[in-house]
Amino acid sequence: MLQRELNIGKLKLQNALLLAPMEGYTDISFRGVCKELGADLVYTEFVSSEGLRRDVSRSSRKIIFREEERPVGIQIFGNDPQAMGEAARISSRLQPELLDLNFGCPVRKVAGKGSGAALMKTPDLLLEIAEAVIRSTDLPVTAKLRLGWDEDSINILEIAPELEKLGIAAITLHARTRAQKYSGNARWEWIRRLKDRVQVPVIGNGDVVTPQDALQMFAETGCDAVMIGRGATSYPWIFRDTRIFLNDGVVPPPPDLRERLELLLHHYRLSLTCKGEERGVREMRKLYSSYLRDYPYARQVRYQLVRMTDPKVIEEYLLQLLEEGLQRHVD
Ligand SMILES: Cc1cc2nc3c(=O)[nH]c(=O)nc-3n(C[C@H](O)[C@H](O)[C@H](O)COP(=O)(O)O)c2cc1C
């Protein structure tokens, strides 16, 4: 049965396309851009529960979002039920639409300390954490998992029904094991199996990089929503394109250079407004290459941009690029 309708708490979305939580990317300005381009639900980067509990500024600022971004999910991680409960209480004060639990992160600084995907090796603790968080908030609580730790310990189909019993509101599955990290293909057949195993909404995730991929994931797995990560960092228009494709069956032409530069300028301004000049300028640097990708002189233009520190000079430079194209502006 094709679902293509996501119901979480008061949220009701058709053909839902979700921006995946991504550390280093899905900050306040990138979420804003994706939202404007058609993402139906956006998530913060993962936020450390210990960091929130101790009010570490890097963590505390990660949960801030703008009203325009709604609906928003705040994602938290950690391996201590008490700290996770406290992080849930702190995050809930901002009244996002949902809280999401990170049970899938493979990176060493998280999984190496028993959090993220490592919790799939200790299901009792994972469930204890979910229970503590669900008890600490009135908001819907969702969870994002992988298939399991490695090939010999795939346990998503055992853990998911237990989460459901505790009252989890939806489950996102990045259909790889922790051992796979990002290699090989995401194994969507497991999303189908999960869908058959639980009643709560299932959000499919992994390797959706084109509108056709999204349609195929809905069709093959029966998932309730599709979550897009890397496909959005390199091409945030994927939300616009996929929405149009799912509704009308056509993929719009890709943005031309002017449209790319306009969005880049908009993103730049949003970054400065939301983060202040210094951090706003610094954190834009990693994004220039994807906005200018495949255009002649892109490398040289990026080279200039990443060396500029004065926000006014950067703004002026971007306006000139818009006016005159890339090639006049490289030395
Ligand atoms: C740079 C980067 C950062 C990520 N950070 C997070 C994170 O903070 N929380 C999380 O649950 N997953 C994180 N992920 C995983 C993504 O949410 C997603 O599950 C994964 O990229 C697969 O989806 P995709 O093929 O659409 O990219 C991250 C992935 C990338 C590439």
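Reference entry: report on the structure contained in this document. (Residues numbered from 1 in each chain as written. Predicted model: local features only at pLDDT ≥ 70, side-chain atom pairs only at ≥ 80, totals over all residues. Heavy atoms only, no water.)

### A word on the site of the ligand
Rules: Residues are classed as near a molecule or strand on a simple rule: at least one heavy atom within 4 Å of it. Within 3.5 Å is the distance limit for a polar contact, defined as a pair of N or O atoms, with the added protein rule that one can donate a hydrogen and the other accept it, and that residues adjacent in sequence qualify only through two side-chain atoms. Residue exposure ignores everything except the shown protein chains as possible cover, and the areas themselves are Shrake-Rupley values with a 1.4 Å probe. Residues are grouped as follows: Ala, Val, Leu, Ile, Met, Phe, Trp, Tyr, Cys and Pro are nonpolar; Asp, Glu, Lys and Arg are charged; every other residue, Gly included, is polar.
For the ligand, the set of nearby residues contains 17 residues, the closest of which are Glu23, Gln75, Asn205, Asp207 and Arg230. Measuring from an oxygen atom of the ligand, one finds a side-chain N or O atom of glutamine 75 at 2.8 Å. Computed on the free molecule, the ligand has an accessible area of 610 Å², of which 88% lies beneath the protein chains in the complex. Its residues assigned to classes, the shell around the ligand comprises seven nonpolar, six polar and four charged.

### What about the environment of serine 59?
Just so we agree on the cut-off: Runs of H or I in DSSP of at least four residues are treated as helices and runs of E of at least two as strands, each being numbered from the N terminus. Whether a residue is buried, partly exposed or exposed follows from its accessible area with a 1.4 Å probe, protein chains only, as a fraction of its type maximum: under 20%, in between, or over 50%, in that order. The criterion used for residue contact is that any of the two residues' heavy atoms lie within 4.5 Å.
Considering the arrangement of structural elements, one finds serine 59 in helix H3 (residues 57-62). On the basis of relative accessible area, serine 59 is assigned to the buried category, the value being 9%. Separated by 13 residues in sequence, serine 59 and phenylalanine 46 have C-alpha atoms that sit 9.0 Å apart. Excluding residues within four positions of it along the chain, serine 59 makes contact with Val47, Ser48, Gly51 and Leu52.

### Here we look at the sheet that holds strand E7 (residues 141-145)
We count it as follows: We treat two strands as partners when DSSP finds at least two bridges between them. Lines are fitted to the C-alpha atoms to define the axes, a helix being fitted only along its stretch in contact, and any angle between axes, read from their N-to-C directions, falls within 0 to 180 degrees.
Overall, parallel pairing links the eight strands, which are arranged E3-E4-E5-E6-E7-E8-E9-E10 in a closed barrel. This sheet shows a mean twist of 25° between the axes of neighbouring strands, independent of strand direction. Judged from the five bridges that link them, strand E4 (residues 41-48) and strand E5 (residues 72-77) form a sheet pairing that is parallel. Across the sheet, residue serine 48 finds its bridge partner in E5, namely phenylalanine 77. Across the sheet, helix H4 (residues 81-92) lies against E5 and strand E6 (98-103), angled at about 155° from E5, the strand it touches most.

### Examining helix H16 (residues 311-324)
Let me state the cut-off plainly: Expected helix span is given by 1.5 Å per residue-to-residue step, counting one fewer step than there are residues.
Taking 1.5 Å per residue as the helical rise, H16 with its 14 residues ought to reach 20 Å, and the 20 Å between its terminal C-alpha atoms agrees with that figure. Those residues of H16 hidden inside the fold are in contact with helix H12 (257-275), helix H13 (277-284), helix H14 (288-292) and helix H15 (298-307). A side-chain oxygen of the first residue of H16 lies 2.9 Å from the backbone nitrogen of lysine 312; this N-cap is aspartate 310. A positive backbone phi angle near 85° is found at glycine 325, which sits one or two residues after H16.

### Overview of the nonpolar core
Generally speaking, soluble globular proteins have nonpolar side chains that are buried together. Cut-off, in case you're wondering: Put simply, buried Ala, Val, Leu, Ile, Met, Phe, Trp, Tyr and Cys residues joined by side-chain atoms within 4.5 Å make one nonpolar core. Domain ranges listed in this record stem from an automatic or a database domain assignment.
With 92 residues, the main nonpolar core has Leu101, Leu145, Ile156 and Leu163 as its most contacted residues. The element that contributes the greatest number of residues to this core is H12, accounting for eight residues. Of the residues that make up this core, three or more belong to each of domain 1 (5-248) and domain 2 (257-329). Residues within four places of leucine 163 in sequence aside, it is in contact with Phe103, Leu126, Leu127, Ala130, Ala143, Leu145 and Ile168. Counting 15 residues, the second largest nonpolar core, distinct from the first, contains Ile8, Leu11, Leu18 and Ala169.

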